[in-house]
Amino acid sequence: MAWILYIICVLTIRVDGSNANRHLAAGTGVCVSRVETLDLGDEPDLVVIQAYITSAKRSYEIADHYRRRGAYVCLGGLHVTSLPEEAARHADTIFLGPGEDIWPAFLQDFRAGQPGKLYRSETRTLDGLPKIRRDLIKRHLYLVPNSIVVSRGCPHTCDFCYKEAFFEGGRSFYTQTVDDALREIERLPGRHLYFLDDHLFGNPRFAAALFDGMKGMGRLWQAAGTVKSALAPDLLEKAVECGLRSLFVGFETLNPANLREQHKYQNLNRDYTEAVKRLHGSGVMVNGSFVFGMDGDDDTVFDRTVEWAIRQGIETATFHILTPYPGTALYQRMAAQSRMTCDDWNLFDTRHVVFRPAKMSAESLEAGYWRAYREFYRWGSIFKGAWTKEDFLGRLRHIGYAGGWKKFEPLWDWVIRAKRAGSMLPALETMLSGFGKHSAGRKPETPAMMKADPIVLRPMRHQ
């Protein structure tokens, strides 16, 4: 969810045959006390840290601490794969790429007393993976304890995304077998699921079979998909029938030139308005993702984007400042143009400007980003978006969800710190159930039925 932005996973293992001394800590940014305080006073034999860019500094501090205490330290994850030489200064072993094949290889070498310095993933498969040790997760600390991932990567290649750098040397999109995914889902208690896959709909054949298998389970679930997947015939209906109630959609920009520049071709020639109407007509609420600061953006982009999102009745929006992550094509292009202005990884959080924009100042970009959040989540904007819904209950649900998402952030912060996040899950399930009933009794609209206010992003010669 929005208040837990970045995760640091720290696994400390006492190698005495029992592997009893295990700790899992999660944190936001450079802090590992958001959910649970990490005990740095223990003396494990092996410490494994997965680092994201904004947790890199803190991860290195933890790694250095444990190395001084005599532990063997490993680092892996997106940031480590992007900057292996930097990470290697703080670890005995580093992992590059996904870990399904290299983690077992490392453990075998470690037990034999001959661990390598670097392990690079080459075999990309999710077949035969052991069951996730969900008994190690303290469910009551999380609003969405039933998070699940049934695929790796994404079929698309956008310049600002880490994917190509992380999966270099092998397949960059692959899934579990449908049977394995369904077995994992069946292990999860309760109703709610949160699919953390980059693009759950990325393999339509897999997705269709998965949704068919989930039919009748009584689940309520959220996931991420593309504009293209929202417009695809039949697949959305299958997803809704088995419990889809909220979809994170990467609109990113309303400017076709920006899409071409970032190689986000899957959004070109797609009618954004039709996609939103199709989702709403199926009883699915929309969390729209938008990125500011692409080279086609000027000072007008913020108001135009917010006004469009409100007019569509999008329930929640996530705004970002374009951030060139190391290892991405965007970073390489910005560096070649001498436009990078910062190398403090703590600021690479999509809330700070770390490069020189093309058509506005860095100050204007950052101010516009914050203004977009304020304007979209004003009560007046929330009510305006709610009144795009056809019935009174639909309007109430919009107000409740959009208001609860942003207007009560201090309350959410208290709930998390009080370790009561899990107690809010029934409220989330009730809200999601209401969205599913929104379309009861009427057939979801198809793209051919939708007419009003089209935003079709087609290639343009002049912008």
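## Topic: the overall build of the protein chain
Check the secondary structure of the protein chain and you find 18 helices and 13 strands. The buried share of the protein chain, taken over its 463 residues, is 52%. Residue pairs in contact within the protein chain that sit at least 24 positions apart in sequence constitute 72% of those at least 6 positions apart. A total accessible area of about 20,800 Å² is found for the protein chain, and carbon and sulfur atoms account for 53% of it.

## Notes on the side chain of Asp92
Tracing the backbone through its elements, the reader meets Asp92 in the loop between helix 3 (84–88) and strand 4 (93–96). A relative accessible area of 15% means that Asp92 is categorised as buried. A distance of 3.2 Å separates the side chain of Asp92 from the side chain of Arg67, its partner in a polar contact. If we ignore the near neighbours within four places in the chain, the residues touching Asp92 are Arg67, Ala71, Tyr72, Val73, Gly116 and Lys117.

## Here we look at the pattern of salt bridges
Throughout the structure, instances matching the rule amount to 20 salt bridges. Here Arg183 ties to Asp180 by a salt bridge, and the two come within 2.5 Å at their closest N and O atoms. Pair noted here: Arg183 and Asp180 are both in helix 6 (residues 178–187), with a separation of 3 residues, about one helical turn. You can call Arg183 partly exposed: its relative accessible area is 48%. Linking Lys389 and Glu315 is a salt bridge whose minimum nitrogen-to-oxygen distance equals 3.3 Å.

## Concerning the sheet that holds strand 12 (residues 285–292)
The strand order 6-9-10-11-12-13 describes an open sheet built from 6 strands, whose pairing is parallel. Bordering the open sheet on either side are strand 6 (147–148) and strand 13 (316–321), each of which pairs with just one other strand. Packing against the sheet, helix 14 (residues 362–376) makes contact with strand 12 and strand 13, and its axis sits at approximately 175 degrees to strand 13.

## A short note on the confidence of the model for the protein chain
Mean pLDDT over the protein chain stands at 86; residues scoring 70 or higher make up 87%. Contacts of residues 1–8 to residues separated by more than four positions or lying in other chains number 36 contacts, the stretch itself having pLDDT below 50. Here residues 14–33 scores under 50 on pLDDT; set against residues more than four positions off or in separate chains, the count is 56 contacts.

## A few points about the pairing of strand 13
Two faces make up the sheet, and in a regular strand the side chains alternate between them. Across the 6 residues of strand 13, 6 count as buried, placing the element largely inside the fold. Side chains Thr316, Thr318 and His320 of strand 13 all project onto a buried face; the interleaved residues Ala317, Phe319 and Ile321 project onto the opposite face, where all are buried too. In the sheet, strand 12 pairs with strand 13 via 6 bridges, with the strands oriented parallel. In the strand pairing of strand 13, Val291 is matched with His320. Between the parallel pair strand 12 and strand 13, the chain is carried across by helix 12 (residues 301–311), and the sense of this crossover is right-handed.

## So, unusual backbone geometry
Non-glycine residue Asn269 carries a positive phi angle of around 60 degrees. Tracing the sequence through the fold places Asn269 in the loop between helix 10 (256–261) and helix 11 (272–281).

## Structural notes on the packing of helix 6 against helix 7 (residues 204–214)
Close contact between helix 6 and helix 7 brings their axes to 10 Å; oriented N to C, the two are set at 40 degrees. As summarised for this structure, helix 6 and helix 7 are arranged oblique, according to the angle between their axes. Considering the relative orientation of helix 6 and helix 7, their crossing is right-handed. Where helix 6 abuts helix 7, its residues Val178, Ala181, Leu182 and Ile185 lie against Phe206, Ala209, Leu210, Gly213 and Met214.

## Re the nonpolar core
Counting 81 residues, the largest nonpolar core has Phe195, Leu210, Phe211, Trp221, Phe251 and Phe319 as the members making the most contacts within it. Not counting residues within four places of it along the chain, the set of residues in contact with Phe319 comprises Phe290, Phe292, Thr305, Val306, Tyr369, Ala372, Tyr373 and Phe376. Counting residues in hydrophobic clusters, the runner-up holds 25 residues, among them Ala51, Ala56, Tyr66 and Leu96.

## Re helix 4 (residues 102–111)
Because an α-helix packs 3.6 residues into every turn, residues spaced three or four apart end up facing the same way. Burial in helix 4 covers these residues: Ile102, Phe106, Leu107 and Phe110. Down the axis of helix 4, the buried side of the element spans an arc of 135 degrees, and every buried residue falls inside it. Exposed residues lying more than 90 degrees from the buried face of helix 4 are Gln108 and Arg111. Taken together, the buried residues of helix 4 touch strand 2 (46–50), strand 3 (72–76), strand 4 and strand 5 (118–120). Phi turns positive, to about 80 degrees, at Gly113, one or two residues after helix 4.

## So, the packing of helix 15 (residues 379–386) against helix 16 (residues 392–406)
The interhelical angle for the contact between helix 15 and helix 16, taken along N-to-C directions, is 145 degrees, at an axis separation of 8 Å. As for how helix 15 packs across helix 16, the hand of that crossing is right-handed. Packed against helix 15, whose contacting residues are Trp379, Ile382, Phe383, Gly385 and Ala386, the element helix 16 presents Arg395, His398, Ile399, Ala402 and Gly403 at the interface. Of the residues in the contact of helix 15 with helix 16, the class split is 6 nonpolar, 3 polar and 1 charged.

## So, the pairing of strand 10 (residues 220–225)
Where burial is concerned, most of strand 10 is hidden: 6 out of the 6 residues are buried. Side-chain alternation along strand 10 places Leu220, Gln222 and Ala224 on one buried face and Trp221, Ala223 and Gly225 on a second face that is also buried. Here 3 bridges tie strand 9 (residues 192–195) to strand 10, and the two strands are oriented parallel to one another. Looking at strand 10, one finds that His192 is bridged to Leu220. In the classification by handedness, the crossover that spans strand 9, the intervening helix 7 and the parallel strand 10 is right-handed. Note that strand 10 and strand 11 (residues 244–252) share 5 bridges and pair parallel. What sits directly across from Gln222, in strand 11, is Ser246.

So, how was this worked out
- Residues numbered from 1 in each chain as written.
- Predicted model: local features only at pLDDT ≥ 70, side-chain atom pairs only at ≥ 80, totals over all residues.
- Heavy atoms only, no water.
- Helix = DSSP H or I, 4+ residues; strand = E, 2+ residues; numbered from the N terminus.
- Buried < 20%, exposed > 50% of the residue type's maximum accessible area, 1.4 Å probe, protein only.
- Contact = heavy atoms within 4.5 Å.
- Areas by Shrake-Rupley, 256 points an atom, 1.4 Å probe, with all protein chains shown as cover.
- Polar contact = N/O pair within 3.5 Å; in protein donor to acceptor, adjacent residues only side chain to side chain.
- Salt bridge = Lys/Arg side-chain N within 4 Å of Asp/Glu carboxyl O.
- Pairing = 2+ DSSP bridges.
- Axes fitted to C-alpha atoms, helices over the stretch in contact; angles between N-to-C directions.
- pLDDT = per-residue confidence, 0-100.
- Right-handed = clockwise from strand over helix to strand, strands pointing away.
- Parallel < 35°, antiparallel > 145°, perpendicular 65-115°, else oblique.
- Left-handed = near helix turned anticlockwise from the far one by under 90°.
- Core = buried A, V, L, I, M, F, W, Y, C linked by side-chain atoms within 4.5 Å.
- Arc of directions from axis to C-beta.
- Nonpolar A, V, L, I, M, F, W, Y, C, P; charged D, E, K, R; others polar.

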